[in-house]
Amino acid sequence: MTKKNDSVVESVKPATESQVKEGMNAALALFNKRWVLRILWELRDSRRATFRQMQQACSELSSSVLNVRLAELRLAELIEHEAAHGYKLTACGEDLLVAMRPLSLWAINWYESAKKA
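Just so we're clear, the structure is a prediction, and the values are computed from it rather than from any experiment.

**Here we look at the confidence of the model for the chain**
Here is step 1: Mean pLDDT over the chain works out to 90, with 90% of the residues at or above the 70 mark.
Here is step 2: The low-confidence segment residues 1-9 (pLDDT under 50) makes 21 contacts with residues lying over four places distant or belonging to another chain.

Encoded structure:
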């Protein structure tokens, strides 16, 4: 379980080194799958999207791959589906995007520096 503050998601209980390693490896394996981060991005800021809206937002994504990625994200409990409203981030998915903000800022700075080199 996690609790939020404005800039970081903190663990409620201390984790072992093994738990950190296994958790990070599982998360990175999921994020490494094509389109996963884009789907999460499209649902940011409490947005909701139907399957068709997700297809339009990710226009190069096939419907079969979208269906697989949505199922994987649901299984990971990062998104949920409501028949009348479409897909949205779960509380865990929202926590993930909060936790990724510092990484996003770092990535922008790193990329800009690397371009100059």
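Following the structure, the description resumes.
**Some details on helix α5 (residues 91-116)**
Here is step 1: Between its first and last C-alpha, α5 extends 38 Å over 26 residues, near the 38 Å set by a 1.5 Å rise per residue.
Here is step 2: Roughly 35° is the biggest bend found in α5, and it falls at R101, with proline P102 one to four residues downstream.
Here is step 3: Listed as buried for α5 are G93, D95, L96, L97, V98 and M100.

**Digging into the packing of aromatic side chains**
Here is step 1: Scanning the entire structure with this criterion turns up 1 aromatic pair.
Here is step 2: A centroid spacing of 5.8 Å and a plane angle of 10° characterise the contact between W106 and W110, whose relative ring orientation is stacked. With W106 and W110 both in helix α5 and 4 residues apart, this pair spans about one turn of that helix.

Conventions and cut-offs
Residues numbered from 1 in each chain as written. Predicted model: local features only at pLDDT ≥ 70, side-chain atom pairs only at ≥ 80, totals over all residues. Heavy atoms only, no water. pLDDT = per-residue confidence, 0-100. Contact = heavy atoms within 4.5 Å. Helix = DSSP H or I, 4+ residues; strand = E, 2+ residues; numbered from the N terminus. Expected span 1.5 Å × (residues − 1). Bend = angle between axes of the 7 residues up to and from the residue. Buried < 20%, exposed > 50% of the residue type's maximum accessible area, 1.4 Å probe, protein only. Phe/Tyr/Trp six-rings, centres within 6.5 Å; stacked < 30°, edge-to-face > 60°.

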